[in-house]
Amino acid sequence: MTISLAGKTFVIMGVANKRSIAWGIARSLDAAGANLIFTYAGERFEKPVRDLVDTLEGNHELALPCDVTSDEDVERCFSQIGEQAGKIDGLAHCIAFAKTEELKGDFSDTSREGFLLAQNISSYSLTIIAKHAKPLMTEGGSIVTLTYIGGERVMPNYNVMGVAKASLEMSVRYLAHDLGRSNIRVNAISAGPIRTLSAKGVGDFNTILKEIEEKAPLHRNTTPEEVGDTAAFLFSQMSRGITGEVIHVDSGYHIL
Ligand code: NDP
Ligand code: N5H
């Protein structure tokens, strides 16, 4: 089951380890024959990312640091991508962060600093990345980001991240409006819960997964492969009429 993305180049931001959703996307795009460029948060993540990339079918050599809290880092990263790869056809933004103490208890206890940090890394980053990726998408392109239902509805403990995801989803629409003129599409995948490094430390994660098995229309949990294949579709011409959309890949849980 695959789409051909042979001859296309995509940037994948946010691989932390083999459980990362970004890695699920990388595997689907690799299977579709795409060329991939990886970015990681800081130098200390270079080796683990390169070791993982070596396990893929294709020969994807370009891996660059990009801490999205730094304008200079984002600018330098995309200018290096432009120099070394020329044009790109799309980008997967799989990045979010909030302080652990803001992901429990009352949302009304959120600090100003914690609120702004979550917005900065998890939402604003998409806008600055889109700005710098746009000039490289000379033949049009597709930008995909990841969101969660906690950006639409109140979910226990998601708190400050829910507000950041709401802002991210609205950014998707404004960016889709701006970049549509350059034939660049911008969409989000709203994924069901997946056990990743970010999800570690979530106390009742097993209960959340169990509830989905019990209640979601498909009665099973979401896999990184399902998200990866939807991203491959959004990166392909099969989805050429879709922009500004939030596609739920969550076994249908969002309809409840
Ligand atoms: P991971 O922990 O695997 O990935 C999170 C990534 O964010 C890491 O690669 C991390 O990089 C990166 N990151 C954090 N801060 C920065 C920064 N300043 N600059 C650059 N990168 C940064 O978790 P997931 O795969 O679960 O998360 C990916 C996306 O999926 C997130 O947007 C998350 O909200 C979303 N999502 C996750 C769901 C889930 O259940 N897991 C459900 C729905 C959406 P590093 O490791 O290098 O610090
Ligand atoms: C309703 C829930 C349960 C509450 C969990 C919230 C999870 C929020 C996601 C953010 C991204 C988690 C986060 O920032 C964790 C960090 O504080 C600590 N972890 C790290 O620093 C690790 C080492 C690095 C790699 O992580 C990051 N992010 O850089 C939501 C869940 C059911 C679904 C879920 C887990 C959604 C989501 O958005 O990820």
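If you're wondering where the values come from, they're calculated on a predicted model, not measured in any experiment.

*Asks:* Just checking my understanding: could you explain the site of ligand 1 for this structure?
*Replies:* The environment of ligand 1 is made up of 26 residues, and the closest members are Ser20, Ile21, Ile194, Thr196 and Ser198. Residue Ile21 places a main-chain N or O atom 2.9 Å away from an oxygen atom belonging to ligand 1. Between an oxygen atom of ligand 1 and a main-chain N or O atom of Ile95, the distance comes to 3.5 Å. The fraction of the free accessible surface of ligand 1 (890 Å²) that becomes covered by protein chains is 89%. Of the residues in the shell around ligand 1, the class split is 17 nonpolar, 7 polar and 2 charged.

*Asks:* Help me understand the environment of Ile121, please; the structure alone is not making it clear to me.
*Replies:* When you line up the elements, Ile121 lands in helix H4 (residues 112–133). Placed 52 residues apart in sequence, Ile121 and Thr69 show a C-alpha to C-alpha distance of 6.2 Å.

*Asks:* Please clarify how the UniProt feature "active site" (unreviewed entry) in the chain should be interpreted in this entry.
*Replies:* With numbering matched to this structure, UniProt assigns "active site" (unreviewed entry) to Tyr148 and Tyr158. By secondary structure assignment, the location of Tyr148 is in the loop between strand S5 (141–147) and helix H5 (159–179). Once you skip the residues sitting within four places of it in the chain, Tyr148 turns out to touch Met155, Tyr158, Lys165, Glu169, Ser190, Ala191 and Pro193. Note on placement: Tyr158 falls in the loop between S5 and H5. If we ignore the near neighbours within four places in the chain, the residues touching Tyr158 are Leu103, Tyr148, Gly150, Gly151 and Lys165.

*Asks:* Help me understand the site of ligand 2 in this model?
*Replies:* Residues in contact with ligand 2 amount to 18 residues; listed here are only the nearest, Ala96, Phe97, Ala98, Tyr158 and Ser198. Ala98 is positioned such that a nitrogen or oxygen atom in its backbone is 2.6 Å from an oxygen atom of ligand 2. Between ligand 2 and Tyr158, the relevant distance is 2.5 Å, taken from an oxygen atom to a side-chain nitrogen or oxygen of the residue. The protein chains hide 78% of the 820 Å² of surface that ligand 2 would expose on its own. Contributions of two or more residues to the shell around ligand 2 are made by H5 and helix H6 (205–215). Taken together, the residues of the shell around ligand 2 sort by class into 14 nonpolar, 2 polar and 2 charged.

*Asks:* I tried to follow the sheet that holds strand S7 (residues 246–249) on my own but got confused; where do I start?
*Replies:* In sheet architecture, strand pairing relies on hydrogen bonds along the backbone and comes in two forms, parallel and antiparallel. Taken together, the 7 strands give an open sheet; going across it, the order is S3-S2-S1-S4-S5-S6-S7, and neighbouring strands pair in parallel fashion. Edge positions in the sheet fall to strand S3 (63–65) and S7, since each has one partner strand and no second. Averaged over neighbouring strand pairs, the angle between their axes works out to 20 degrees when direction is ignored. By the bridge criterion, 4 bridges tie strand S1 (residues 9–13) to strand S4 (residues 90–93) in an arrangement that is parallel. The residue bridging Phe10 from the neighbouring strand is Gly90, located in S4.

Criteria and cut-off values
Residues numbered from 1 in each chain as written. Chains lettered and ligands numbered in written order. Predicted model: local features only at pLDDT ≥ 70, side-chain atom pairs only at ≥ 80, totals over all residues. Heavy atoms only, no water. Near = heavy atom within 4 Å. Polar contact = N/O pair within 3.5 Å; in protein donor to acceptor, adjacent residues only side chain to side chain. Areas by Shrake-Rupley, 256 points an atom, 1.4 Å probe, with all protein chains shown as cover. Nonpolar A, V, L, I, M, F, W, Y, C, P; charged D, E, K, R; others polar. Helix = DSSP H or I, 4+ residues; strand = E, 2+ residues; numbered from the N terminus. UniProt positions renumbered as here; feature names shortened; annotations may be inferred. Contact = heavy atoms within 4.5 Å. Pairing = 2+ DSSP bridges. Axes fitted to C-alpha atoms, helices over the stretch in contact; angles between N-to-C directions.

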